[in-house]
Amino acid sequence: MTNAMEPPTEANAPLPRRRRFRFSLLDLMLLTLMVAAWLPTYFAVREIPVLQNSVDQMRALTTNLSIIDDQKLCLRSLPGIWHNIHGWKYSLPADAAMELRLATEGIHSMGDPEVFQSYELPTGIHTIHLKYTQNADQEYVTQVFVDDSEAIVKTHPPGWINTSGSSSNGKGAPTAEAFDLDKPLVLRQMRYSEMHPAGKFKLHSLPPEYDAKGNMLSIVPKGYQSGPPKRFVAPTDARNVSSWGHRQGMRLLDNTTGWNGLLEYQPSYRAILDDRNVRWLQVLNAISVRPVRDDSSPVEQPEVVFDNAAATAGRPKLMVTDSLQNPNQAAKTLSSQTQGRISEDGNTMRLFVHYPAFPSGARLVVEVIFEARFPNRIGLRPHLAEGSLPLQAAQFVTTFDARFQWRTVELLADTDDDGPHARRRETPQPAPLQSLYPEDALTTAWQTIPDARLPLAEYSPDGEALRRLALTSDVANFWTFAYPAAVPDTWRYQGLPIRQVWLVPHPEPAEQTDSSPRPVTTEIRSGTVYPGTEIDIPGGPVVTNVRVTVPLPADKPIWMEIPTP
């Protein structure tokens, strides 16, 4: 046994000494002081937006105007007094020359009204008030006040408009804003909604590009000239205008996503008053343009031959350009980029619809014409495209006529007198469909309308006579019309009863020779069931198609019109 000490093992080795965070009382006091100094700032920063919002709300209730830029027009809106009174406060530099303009008609989204009243604005700080109401005589009165003086007044008779609603927009926030002196500023634009004929208390609003009645108050540079409003539109003009044609009338729709192979057109909104179709650019009717090689060859239908590809992206598409030349060589090959070719006087718009090659080798180009004088018309003139096989004619066939229930045709009396001036002074009468077909003949067959029974409508600008084929409906109210439950939406229509009118060139019989080209022919076809279904059309046979055959080459257009009531 020894007294020697054993060396320490790993198990009983002493633990390392821990380091502890140590601070003095002074450090604690300094830390407390820092937190106490920071917390009020933190809470104040959180409260500043709330307080600023409260200040802005209280400032909006005052009439004070902050001059944020003394070289610009400074403007703010004033607190509301009444729902038909609107006010602004402005400041103009001493050397500024601005005027106030008021228009009550021709208000639209694609330009300034052509008719207005104006008042030269004084410089310095002043107020403007707009008031519109009906007086004791039920006249529509619009007044504009600068400070306490009446600057502009416009009065319209009681029957000026039938309305109980409106939509509005404009400039002028409750806080001051600065605007350039060389640009017009719309203070308020209000468009009246009109009573809809579909039913009591129902309103309709015109599309924004259509002229409407209301109030438009603007501040513009003195003598400002905005130029005449646009007569025609193209898909690039506005997000909701995916079409070409009249700003307030007939249009050709961009068929990028529509019925492939068809010319889809949209009548004037005023002609139909059908929100469901116009607002979403639904196809109301369309025209199938078909090449005719000769009398014995089958006629190719573009809606059939161009719609046989399984994939939508692989289907041949119609191409709209502003040139008759081949689309591969045209400057613009995408339909949505085409602006249309507008004449120098701004009264005519032309488009060229290029068809893909038909299986037979036929190629067509359809010239589409819009004349400013006739906003409810569309002109159609076929051309033989480069590289096409020879063609005898082109057929224009309407496709969705059954939805409008046209049952009568306006014709002259049937007579054997075919003199050049016969029946021109007679009034055309509505002829029922059954009277146009031979006895016991099928009404589903094509029936040619004798040219002698077409009334003389008018003369073209070059003096050529135009004959008219007009279809009318016997349905007085489509909004209450009872459709069979199984009828597809394609054949349902909820709008005004409309007429379809075709105007075709008509050379006088005395001018016809053996070498003269074939005349334009018009035909109709009727049916008793909705096409593609076995559902009977209520009320009996209706026109299901109109066919107009134009010999090639065609030196004159034909015209299709949907007149407004």
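Residues numbered from 1 in each chain as written. Predicted model: local features only at pLDDT ≥ 70, side-chain atom pairs only at ≥ 80, totals over all residues. Heavy atoms only, no water.

K.L.:
Would you explain the overall build of the protein in this entry?
P.N.:
In terms of regular secondary structure, the protein is built from 4 helices and 32 strands. Residues classed as buried in the protein amount to 44% of the 565 residues present. Considering only contacts in the protein between residues 6 or more positions apart, those separated by 24 or more positions represent 65%. Summing over all exposed atoms, the protein offers an accessible surface of approximately 30200 Å²; the carbon and sulfur share of this is 53%. (Helix = DSSP H or I, 4+ residues; strand = E, 2+ residues; numbered from the N terminus. Buried < 20%, exposed > 50% of the residue type's maximum accessible area, 1.4 Å probe, protein only. Contact = heavy atoms within 4.5 Å. Areas by Shrake-Rupley, 256 points an atom, 1.4 Å probe, with all protein chains shown as cover.)

K.L.:
It is not clear to me how the side chain of Gln447 should be interpreted in this structure. Could you clarify?
P.N.:
Here Gln447 lies in strand β26 (residues 447-448). Setting aside anything within four residues of it in sequence, one finds Gln447 in contact with Leu436, Tyr437, Pro438, Thr522, Glu523 and Ile524.

K.L.:
Just to check I follow, could you spell out the packing of aromatic side chains for this structure?
P.N.:
Aromatic ring pairs are reported here in terms of the distance separating the ring centres and the angle at which the planes meet. For the structure on display, the rule yields 15 aromatic pairs. An angle of 25 degrees between the planes, with centres 5.2 Å apart, marks the rings of Trp38 and Tyr42 as stacked. In this pair, Trp38 and Tyr42 are both assigned in helix α1 (residues 25-60), 4 residues apart and thus about one turn of the helix distant. Overall, Tyr42 belongs to the partly exposed group, its relative accessible area being 35%. Among the aromatic side chains, those forming a connected cluster through ring pairs are Phe404, Trp406, Phe478, Phe481, Tyr483 and Tyr493. Over the ring of Phe374 we find Arg377, and its NZ or CZ is 4.0 Å from the ring centre. Directly above the aromatic system of Trp446 lies the positively charged group of Arg547, at a separation of 4.1 Å from the ring centroid. (Phe/Tyr/Trp six-rings, centres within 6.5 Å; stacked < 30°, edge-to-face > 60°. Lys NZ or Arg CZ within 6 Å of the ring centre and 35° of its normal.)

K.L.:
I keep staring at the sheet that holds β26 and nothing clicks. Help me out?
P.N.:
Whether parallel or antiparallel, the strands of a sheet pair through hydrogen bonds between backbone atoms. Here 9 strands make up an open sheet; going across it, the order is β13-β14-β15-β16-β17-β23-β31-β30-β26 and the pairing antiparallel. Every other strand in the sheet has two partners, leaving β13 (232-233) and β26 as the edge strands with one partner each. (Pairing = 2+ DSSP bridges.)

K.L.:
Explain the pairing of strand β7 (residues 149-156) to me, please; I cannot follow it from the model alone.
P.N.:
Remark: a regular strand shows side chains that alternate across the two faces of the sheet. Pairing between strand β6 (residues 140-146) and β7: 7 bridges, direction antiparallel. Pairing of Val144 across the sheet is with Ile152, part of β7. Between β6 and β7, which pair antiparallel in sequence order, lie 2 residues; one of them, Asp147, sits at a positive phi of approximately 60 degrees.

K.L.:
What's the story with the nonpolar core in this structure? I'm lost.
P.N.:
Among soluble globular proteins, nonpolar side chains are generally buried collectively. By size, the foremost hydrophobic cluster in this structure holds 73 residues, and its most contacted members are Leu263, Tyr355, Leu380, Phe396 and Trp502. Excluding residues that lie within four positions of it along the chain, Tyr355 makes contacts with Gly261, Leu263, Val289, Pro302, Phe306, Leu318, Leu364 and Val366. (Core = buried A, V, L, I, M, F, W, Y, C linked by side-chain atoms within 4.5 Å.)

K.L.:
I keep staring at the layout of surface pockets and nothing clicks. Help me out?
P.N.:
A probe matching the size of a water molecule, rolled over the atoms, marks out where space remains unfilled. Of the pockets and cavities examined, the largest pocket occupies roughly 470 Å³. Lining the largest pocket are 26 residues, and of these Arg290, Thr399, Arg525, Pro531 and Asn545 sit closest to its centre. Within the residue set of the lining of the largest pocket, elements represented by two or more residues are β23 (393-398), β30 (521-527) and β31 (542-551). A volume near 390 Å³ is recorded for the second largest pocket. Lining the second largest pocket are 24 residues, with Gly106, Glu114, Asp211, Pro229 and Arg247 sitting closest to its centre. Listed by contribution, the elements that provide at least two residues to the lining of the second largest pocket are β3 (98-103) and β7. Taken together, the residues of the lining of the second largest pocket sort by class into 9 nonpolar, 7 polar and 8 charged. (1 Å grid on protein atoms, 1.4 Å probe; cavity = no way out; pocket = protein on both sides within 12 Å on 5 of 7 lines; lining within 4 Å. Points joined across faces, edges and corners; volume = space filled by probe spheres on them. Nonpolar A, V, L, I, M, F, W, Y, C, P; charged D, E, K, R; others polar.)

K.L.:
Explain unusual backbone geometry to me, please; I cannot follow it from the model alone.
P.N.:
Peptide bonds are trans in most cases, and residues, glycine excluded, mostly fall at negative phi. Of note, the bond from Leu552 into Pro553 is cis; its omega dihedral lies within 30 degrees of zero at -5 degrees. Among the structural elements, Pro553 can be located in the loop between β31 and β32 (558-561). With a phi close to 65 degrees, Gln138 is a non-glycine residue in the positive phi region. On the secondary structure map, Gln138 appears in the loop between β5 (124-134) and β6.

K.L.:
What is the right way to look at empty space enclosed by the protein in this model?
P.N.:
The full count for this structure, using the stated rule, is 3 cavities of 30 Å³ or more. As a volume, the second largest cavity reaches approximately 40 Å³. If you trace the second largest cavity, you find it lined by Tyr132, Thr133, Tyr140, Val141, Thr142, Trp160, Tyr192, Gly214 and Asn215. When contributions to the lining of the second largest cavity are tallied by element, the ones reaching two or more residues are β5, β6 and β12 (214-221). In terms of residue count, the dominant contributor to the lining of the second largest cavity is β6 (3 residues).

K.L.:
How should the sheet that holds β6 be read in this particular structure?
P.N.:
Taken together, 6 strands build an open sheet; the order of strands is β7-β6-β5-β2-β1-β9 and the sheet is antiparallel. Edge positions in the sheet fall to β7 and β9 (177-179), since each of these pairs with one other strand and no more. Mean inter-strand twist for the sheet, computed between neighbouring axes without regard to direction, equals 20 degrees. (Axes fitted to C-alpha atoms, helices over the stretch in contact; angles between N-to-C directions.)

K.L.:
Explanation requested: the environment of Asn326 in the structure shown.
P.N.:
Examined against the element boundaries, Asn326 turns out to sit in the loop between β18 (319-321) and β19 (341-342). Linking Asn326 and Glu386, residues 60 residues apart in sequence, is a C-alpha distance of 7.1 Å.

K.L.:
Would you mind going over the pattern of salt bridges with me for this structure?
P.N.:
Close approach of charged atoms lets side chains of opposite charge pair. Summed over the entire model, instances satisfying the criterion amount to 15 salt bridges. Lys183 is paired through a salt bridge with Asp180; the nearest N and O atoms lie 3.9 Å apart. Asp474 is paired through a salt bridge with Arg407; the nearest N and O atoms lie 2.8 Å apart. In this pair, Asp474 is assigned in the loop between β28 (465-473) and β29 (500-505) and Arg407 in strand β24 (residues 406-411), connecting sequence segments 67 residues apart. Asp474 sits in the exposed class, given a relative accessible area of 51%. With a relative accessible area of 9%, Arg407 lands in the buried category. One salt-bridge network, held together by shared partners, links Lys72, Asp180 and Lys183. (Salt bridge = Lys/Arg side-chain N within 4 Å of Asp/Glu carboxyl O.)

K.L.:
How should I be thinking about the confidence of the model for the protein in this particular structure?
P.N.:
It should be kept in mind that the predicted coordinates are not to be read in detail where pLDDT is low. The predicted model of the protein averages 84 in pLDDT, with 83% of residues at 70 or higher. With pLDDT under 50 throughout, residues 329-334 is counted as low confidence; its partners more than four residues away or in other chains account for 7 contacts. (pLDDT = per-residue confidence, 0-100.)

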